[in-house]
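Secondary and tertiary structure notes
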Amino acid sequence: MKFSMSKEELTNALSLAVSAISTNSTLPVMSGVLVNASDGNVTFEATDLDSSCKIVSPALVEEEGCTVLPGKKFFDIAKVMEDSRVDVTADDVTAFITCEQAAFTSSVLNASEFPGFPEIETSASVTFPFSKFQSMIKKVIKSASRDESKGIFTGVFLEVKEGKVRTVTSDSFRVAVAEESVDVEEGCEFEAIIPPHFLNGIISMTADDCDVCIAYNDNQVLIKVGNITFINRKLQGKFPNYRRLINPSNETTIVVDKSSLTKALKRVSVLREENTAVVFEVNVDENLLQLKLNTTSNGAATEFVNEVKCCGIDCVAGFDVSYINDGISSVGTNDVLLTISSGKQPAHIAPCVENRSNLNFESVVENDGNMLKNKFLYLVMPVIQPK
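Right, let's walk through the structure included here.

The rules behind each value
- Residues numbered from 1 in each chain as written.
- Predicted model: local features only at pLDDT ≥ 70, side-chain atom pairs only at ≥ 80, totals over all residues.
- Heavy atoms only, no water.
- Salt bridge = Lys/Arg side-chain N within 4 Å of Asp/Glu carboxyl O.
- Helix = DSSP H or I, 4+ residues; strand = E, 2+ residues; numbered from the N terminus.
- Buried < 20%, exposed > 50% of the residue type's maximum accessible area, 1.4 Å probe, protein only.
- Axes fitted to C-alpha atoms, helices over the stretch in contact; angles between N-to-C directions.
- Parallel < 35°, antiparallel > 145°, perpendicular 65-115°, else oblique.
- Left-handed = near helix turned anticlockwise from the far one by under 90°.
- Contact = heavy atoms within 4.5 Å.
- Nonpolar A, V, L, I, M, F, W, Y, C, P; charged D, E, K, R; others polar.
- Pairing = 2+ DSSP bridges.

**What to know about the pattern of salt bridges**
According to the stated counting rule, one finds 16 salt bridges in the structure shown. Put simply, Glu180 and Lys132 hold a salt bridge, and the shortest N to O gap is 3.9 Å. Highlighted residues: Glu180 in strand E13 (residues 174-181) and Lys132 in helix H3 (residues 130-140), separated in sequence by 48 residues. By relative accessible area, Glu180 is classed as buried at 9%.

If you want it as C-alpha cells, here you go:
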C-alpha cells in the first residue's frame, strides 16, 4: 500500500477515527485504525463495537492495499508533521510515514482481524444543514449528566416530530432544549437517545456547506456528513417528559444584557465555595437585578446588573453559578430573557428577540411547549436558600 495526502486531510480524518477507538479492549487490533487505499481514495475506519466511524478522503494512491495502524500513534505522528504532503507506505509488517525531512516507522496489525463496518437498515431518516445540527448539539450537550450511573441522562435525546428536530439533555438539575424546523416526509417521526461522546467528534468537524443525514432503527443511529459516516448504538430507555417543566408559572420576567450579566456573575463568583449559590434579587418597580453571594469563610459579594427590564413581582431566588453560566453562554442574542420565581419552580433562560416592552413567557414558547419561538430554552432548578 502506498498513498499520499495533505497533512490537514490526514489529521482531520484521524482525529475523527481515534474518537471511536476502543480504550479497554484486550484485542490489539481494536486500538487501531483500518486504512484502505483504493480508487483514488483512502478510507479510515475505527470502532469500539458500540461506535463505528468511517471517513473517505481523496488521496494520490500509487499502490492499493489495506492495513491497520495503531490509531493514537498514527494520529500523534501526523499532528507533528510539517504542513505539507504526507507519504504513507506499508507492507505486511511495517508502515513508513514520511513528510519532507521527517520519517517514522510503525508496526502494523492484521487487517483480516479488524471488525467489518456495520451495515444497517434504517426505518426513518431526516436531512438538514449540518451547521444547524452542530449548533443544536453545542447548546445542549453541556447539560447531559457525566455520571455514568444515570443511564439515559448521560445522553442527548433527539426527537423528530411535526417538521421539527429537537435535541434535549438533562442531568436532573437542569434541562436544555434546542429546536430547528426541517423538511421531512409526511408522517416521519422518530426519537433516539445518543451517547454524548459519539457526538463530540461530530460537532468538532468543519462542514458548514454540508447536510447531515440522521437515520435510525430499533438499536442504532446513523449520522452521515459528506463522506463521513458514524454509527452508534442508541441508549436504551424512555427519556422523561421534559415538556411538563415548560410552563408559564414563574412570577417574574427579566430581560438583561448578556455581556453585563456574564461579567457580573464572573465577578461575584470569585468568592464561590462548594455548594454556594448566587442569589438573584429582583426589584420590578425599579428595574433592578442584584446578584448576591454569601460564603461561610470567604466573605460576601454583591453587584447590581445594568441594562435590565423587569415585569411581574419582586422575587428572590438562588442558583448554581456553573449551571446559570452554561445556560447564558448558549444564548445567541445580545439580550437574555429569564423567568424566575421565589418558589421551587425552575428558572427559564432563552434568547430574547422581542421588544423589551413586550415581556412575557409566551414570547418564548407557545402551544404548551410544543414549539420554541427562539429555538432554545434552558431550565435550571433553584437552590433552596436557608431561612
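Read on, since the account is not over.
**Concerning the packing of helix H1 (residues 7-18) against helix H2 (residues 71-80)**
The interhelical angle for the contact between H1 and H2, taken along N-to-C directions, is 150 degrees, at an axis separation of 9 Å. Judged by the inter-axis angle, H1 sits roughly antiparallel to H2. For the element pair H1 and H2, the recorded crossing hand is left-handed. In this structure, H1 contributes Lys7, Leu10, Thr11, Leu14, Ser15 and Val18 to the contact, and H2 contributes Gly71, Lys72, Phe74, Phe75, Ala78 and Lys79. Residue classes in the contact of H1 with H2 are distributed as six nonpolar, three polar and three charged.

**Observations regarding the sheet that holds E13**
In space, the nine strands of this open sheet follow the order E14-E11-E12-E13-E28-E25-E24-E18-E22, with antiparallel pairing throughout. Each having just a single partner strand, strand E14 (190-194) and strand E22 (308-312) make up the two edges of the open sheet. Within this sheet the neighbouring strands show an average axis-to-axis angle of 15 degrees, counted without direction. By the bridge criterion, five bridges tie strand E18 (residues 252-257) to E22 in an arrangement that is antiparallel. In the sheet register, Val255 faces E22, and the bridge partner there is Lys309. Sitting on the sheet, H3 is in contact with strand E11 (156-161), strand E12 (164-170), E13 and strand E28 (376-380), with an inclination near 170 degrees to E13.

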